[in-house]
Amino acid sequence: MQKSEAKKRIEELRKLIAYHDYLYYVKDAPEISDAEYDQLFKELKDLEEAYPEFITPDSPTQRVSGIPLTEFRTLPHSVPMLSLDNAFEEAEVYAFEEKIKRMLKSDITGGYVVEPKIDGIAIELVYENGRFIAGITRGDGIIGEDVTQNVKTIKSVPIMLLVDNPPKKIEVRGEVFLSKEAFKKINEQQDELGKPPFANPRNAAAGSLRQLDPKITASRPLDIFCYAVANPKELNVTSQWELLQYLKKLGFKVNPLIKLVDSLKEVIEYHKEMSENRESLPYEIDGIVIKVNDFKIQEALGETARSPRWALAYKFEPRQAITKVIDIVVNVGRTGTLTPTAVFEPVNISGVTVSRATLHNQDEIDRLDVRIGDYVVVERAGDVIPAVVKVLKEKRETELKPFKIPDKCPVCGSKAVKYEGEVAIRCTGIDCPAQLKERLIHFCSKNAMDIEGFGEKICEQLIDKKIVKSIEDIFTITKSDLMKLERMGPKLADNLINAREMAKKRELYRFIYGLGIRYVGEVTAKKLVNHLGTLEKIKDASYEELISIPEIGPVVAKSIKVFFNEPRNLKTIENILKAGLKFSEKKTREGFFTGKKVLFTGTLKAMTRNEAKKIIEDQGGIVKSTVTKDLDYLIVGDEPGSKLEEAKKLSITILNEEEFLNKINQKKELKGPLL
Ligand code: IVH
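Reading the values: rules and limits
Residues numbered from 1 in each chain as written. Predicted model: local features only at pLDDT ≥ 70, side-chain atom pairs only at ≥ 80, totals over all residues. Heavy atoms only, no water. Near = heavy atom within 4 Å. Polar contact = N/O pair within 3.5 Å; in protein donor to acceptor, adjacent residues only side chain to side chain. Areas by Shrake-Rupley, 256 points an atom, 1.4 Å probe, with all protein chains shown as cover. Helix = DSSP H or I, 4+ residues; strand = E, 2+ residues; numbered from the N terminus. Nonpolar A, V, L, I, M, F, W, Y, C, P; charged D, E, K, R; others polar. Contact = heavy atoms within 4.5 Å. Axes fitted to C-alpha atoms, helices over the stretch in contact; angles between N-to-C directions. Parallel < 35°, antiparallel > 145°, perpendicular 65-115°, else oblique. Left-handed = near helix turned anticlockwise from the far one by under 90°. Pairing = 2+ DSSP bridges. Phe/Tyr/Trp six-rings, centres within 6.5 Å; stacked < 30°, edge-to-face > 60°. Buried < 20%, exposed > 50% of the residue type's maximum accessible area, 1.4 Å probe, protein only. Lys NZ or Arg CZ within 6 Å of the ring centre and 35° of its normal. Expected span 1.5 Å × (residues − 1). Arc of directions from axis to C-beta. Salt bridge = Lys/Arg side-chain N within 4 Å of Asp/Glu carboxyl O. Core = buried A, V, L, I, M, F, W, Y, C linked by side-chain atoms within 4.5 Å.

**Focus: the site of the ligand**
No. 1: The local shell around the ligand consists of L84, E115, P116, K117, I118, A122, E175, Y227, V289, K291 and P308.
No. 2: Take K117: an N or O atom from its side chain is 3.2 Å from an oxygen atom of the ligand.
No. 3: The contact in question runs from a nitrogen atom of the ligand to an N or O atom on the backbone of I118, over 3.1 Å.
No. 4: Notes on the ligand: free accessible area 520 Å², of which the protein chains cover 86%.
No. 5: If you list the elements that add at least two residues to the shell around the ligand, you get β3 (112-118) and β10 (285-292).
No. 6: Ranked by the residues each element gives to the shell around the ligand, the list is headed by β3, at 4 residues.
No. 7: Considering only residue class, the shell around the ligand consists of 7 nonpolar, no polar and 4 charged.

Following this line, the structure appears as structure tokens:
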């Protein structure tokens, strides 16, 4: 393809992809299959790789781009981003209209626009000549933070406007939010990473938008609803309703529940309807926003320093109540996290009886200073687990004891520890019934003991039916035990038993990895075996011995020590061995790539990428997916991608396929000509 042709096709593809993004993320009505979309995206990516000079920041391939920042710069808003006055009662809404009428000395013509009040983060999107150029948080209303890199990762934010004559400049305002479902998932991830959970979707959205690394923001499915512009006068629209229709036309996502109404009576009805619907919406709303529709009237009314006189937030009844904490209980989650829960005198919060609220972790208990016997304000937020908002310390009648999460697991009695840099306190017991399912699934998984067929469903049933009560039971269960499971036939049961027998001779590193010791992944497990040789030695290794192994740091070493210091874990290991486990002698080979970080680009001739990856990993090397400063080698196959240029810039050692094969000492026959 000629350069000029490539340029043309690149532009065409960008428009096409932007259009399909719009259909999928804004209109929720895709016209092509995911596979067709991926095909377009790949074509664009390939062309841009071949002609990097044509890459522009508004390409859909550049949604996630830019390096992590150390801080956000600030940017001013061309027109201040105001706040809204709040009303909680009908009377205040009537007073709002009365005041307007008094000021206008006439009735309001053109009606009101009513919109759901999204509980998210206000943002301004700046477009010049139809291209997205900046995303700015509200900040203090005058100056906000430049979160452009992050906003660009939000798929429902158009990177280019799909109209023939876009305005020269437009600053669109809206609310960035996370769905209730995304919020739940993010909190699960936070727990797995040992990080504190977010209290509500709003905080999770704020935390996601203010990530310095745009890759993290991109992994969170942020969304947006747009509802205003900085300077509507510059556009050919005369009312809020027209503006919202215009924003839709430009490709912005506007809430489908917006409504144009004539009277306050309808406003009140809308408020009631929304308050009844709020639980069933996939995102959080905390009220409605009432806006005088006609821009001429808006202009006549003007604004105070804080908020416009033509708009009002009519909030829903707060879902809060006061009650007394009668106990704090500690539960153990499936990943071993000890989670404290406040139990209180049952209280009715807008129609739902609430008697428990999560306190998340010790940090949260300390921050609130909540103690058994305290009176607290409890809030219920949609699907979100109720939360203690604050403690009414002035209501403490007697001295109350500060609450500390115990250092023993309340379920199994094993030691519970807080790993460095984490907020959660975790149980370290391998057989802890609370975690048994997760641990068993992990133990049997492909990269661990690789017991084929023992996936999630079978493991779950084995535990639910109490056939497996501890990891070691997996090695003693019989065919007739398996026949008690649902949808089990004699043939499948035979296969499972055979698979289990085969797993008795796996390599030691798989067993170590399968134990599920925190921070001990496959690579670390291999290193332990390479350096220490036997299970006995790994079990007994001192902290000093462990940290002397390259790339095993203090946090990992401590975690290994904690695990093998737990008598219950030693007993379980002994029992597993008694069940007839023999580790195969095959150690991972010490090789050229041991402890080295490696990245591949392009196609290898002698083997697949996965085969090459396995060889590196078998030597205890690490295969990375992006170019970073600490990379040791870039291995280059046919038709390498942009990684080659990036690596050259960072002066990373580059190996071609032949050099790579020499290093791994495994010169296979090459199918094509050498590089
Ligand atoms: S209009 C000058 N419309 O609520 C008027 N705001 O409490 C600007 N919000 O700062 C706001 N949904 O972050 C408007 N449909 C909506 C909204 C909305 C949520 C937020 C916005 C604003 C805050 C005021």
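**Quick notes on the side chain of K291**
No. 1: Relative to the elements of secondary structure, K291 occurs in strand β10.
No. 2: Among all residues touching K291, those that are not within four sequence positions of it are G111, Y112, V113, E115, Y227, Q240, W310 and A311.

**Some details on the packing of helix α12 (residues 436-444) against helix α13 (residues 456-464)**
Between two packed helices, the angle of one axis relative to the other and the distance separating the axes together describe the packing.
No. 1: α13 packs onto α12 with a crossing angle of 135 degrees between their chain directions and a minimal axis gap of 9 Å. Taken together, the axis directions place α12 and α13 in an arrangement best described as oblique. Considering how the two elements wind past one another, α12 and α13 form a crossing that is right-handed. Residues L436, K437, L440, I441 and C444 of α12 lie in contact with α13, whose contacting residues are E456, C459, E460, I463 and D464.
No. 2: Broken down by class, the residue content of the contact of α12 with α13 amounts to 6 nonpolar, no polar and 4 charged.

**Quick look at the sheet that holds strand β2 (residues 86-87)**
No. 1: Judged by pairing direction, the sheet is mixed, and its 5 strands sit side by side in the order β2-β11-β10-β3-β9 without closing on themselves. Two strands lie at the open edges of the sheet, namely β2 and β9 (259-261), each paired on one side alone.
No. 2: Sheet topology note: the β2/strand β11 (residues 311-315) ladder contains 2 bridges and is parallel. Considered in β11, the bridge of A87 is made with Y314.
No. 3: Together, β2, β3, β10 and β11 form the strand contacts of helix α3 (residues 90-104), whose direction differs from that of β11 by roughly 175 degrees.

**Looking at the packing of aromatic side chains**
No. 1: Taken as a whole, this structure holds 18 aromatic pairs when the rule is applied.
No. 2: Geometrically, the ring pair formed by Y419 and Y519 is edge-to-face, given 5.5 Å between the ring centres and 80 degrees between the ring planes. Of the two residues, Y419 sits in the loop between β17 (416-418) and β18 (425-427) while Y519 sits in the loop between α16 (508-514) and α17 (522-532), which places them 100 residues apart along the sequence.
No. 3: When its relative accessible area of 10% is taken as the criterion, Y419 is described as buried.
No. 4: By relative accessible area, Y519 is classed as partly exposed at 31%.
No. 5: Connected via pairs of aromatic rings, a cluster forms that spans F592, F593, F600, Y633 and F660.
No. 6: Stacked on the ring of Y375, the Lys or Arg K395 has its end atom at 4.6 Å from the ring centre.
No. 7: For the cation-ring pair, R518 lies above Y519, with the distance from its terminal atom to the ring centre recorded as 5.4 Å.

**Quick notes on the sheet that holds strand β8 (residues 223-229)**
No. 1: Pairing is antiparallel across the open sheet formed by 4 strands, whose spatial order is β5-β4-β7-β8. In this open sheet, the two strands that pair with only one neighbour each are β5 (131-137) and β8. Ignoring strand direction, the axes of neighbouring strands in this sheet form an average angle of 35 degrees.
No. 2: The sheet contact formed by strand β4 (residues 121-128) and strand β7 (residues 169-177) spans 8 bridges and is antiparallel. Bridged to E124 within β7 is R173.
No. 3: Here helix α6 (residues 201-209) sits on the sheet in contact with β4 and β7, set at roughly 40 degrees to β4.
No. 4: Most of the contacts of helix α8 (residues 240-250) go to β8, to which it runs at about 135 degrees, and overall it touches β7 and β8.

**Quick word on helix α2 (residues 34-50)**
No. 1: Its 17 residues place the ends of α2 24 Å apart at the C-alpha level, agreeing with the 24 Å of an ideal helix rising 1.5 Å per residue.
No. 2: Listing the buried residues of α2 in full gives Y37, L40, L44, L47 and E48. The buried side chains of α2 occupy one side of the element, clustering within an arc of 100 degrees when seen end-on. Every exposed residue of α2 that faces more than 90 degrees away from the buried side is listed here: D34, A35, Q39 and A50.
No. 3: Where the residues of α2 are buried, they touch α1 (3-26).

**Topic: the pattern of salt bridges**
In a structure, side chains of opposite charge can pair up when their charged atoms sit close to one another.
No. 1: All told, the structure shown has 50 salt bridges when counted by the stated rule.
No. 2: In this structure, K404 and D366 form a salt bridge, with 3.7 Å as the shortest nitrogen-oxygen distance. Of this pair, K404 sits in the loop between β16 (384-391) and β17 while D366 sits in helix α11 (residues 362-368), placing them 38 residues apart in sequence.
No. 3: K404 gets classed as exposed once you look at its relative accessible area, which sits at 57%.
No. 4: Residue class for D366 comes out partly exposed when judged on its relative accessible area of 42%.

**A few points about the packing of helix α20 (residues 554-565) against helix α21 (residues 567-578)**
No. 1: Where α20 meets α21, the axes come as close as 5 Å, and the angle between the chain directions of the two elements is 75 degrees. With respect to α21, the axis of α20 lies roughly perpendicular. Facing α20, whose interface residues are F563, F564 and N565, α21 presents P567, N569, L570 and I573.

**Considerations on the environment of V354**
No. 1: Topologically, V354 is positioned in strand β14 (residues 352-358).
No. 2: Judged by relative accessible area, V354 falls into the buried class, the value being 4%.
No. 3: V354 sits 130 residues away from K484 along the chain, and the two C-alpha atoms are 39 Å apart.
No. 4: Sequence-distant contacts of V354, that is, excluding residues within four places in its chain, are made with F344, E345, P346, V347, I349, V378, R380 and P386.

**Looking at the nonpolar core**
No. 1: Core analysis: the biggest nonpolar cluster contains 55 residues, and F454, L462, I474, F511, I512 and L528 have the highest contact counts within it.
No. 2: Mapped by element, the contributors of at least two residues to this core are α12, α13, α15 (490-502), α16, α17, α18 (535-540), α20 and α21.
No. 3: Sequence-distant contacts of F454, that is, excluding residues within four places in its chain, are made with C444, C459, L462, I474, I477, L496 and R500.
No. 4: Counting 39 residues, the second largest nonpolar core, distinct from the first, contains L125, I170, I224 and L235.

Without other data, these values stay purely geometric and don't point to any function.
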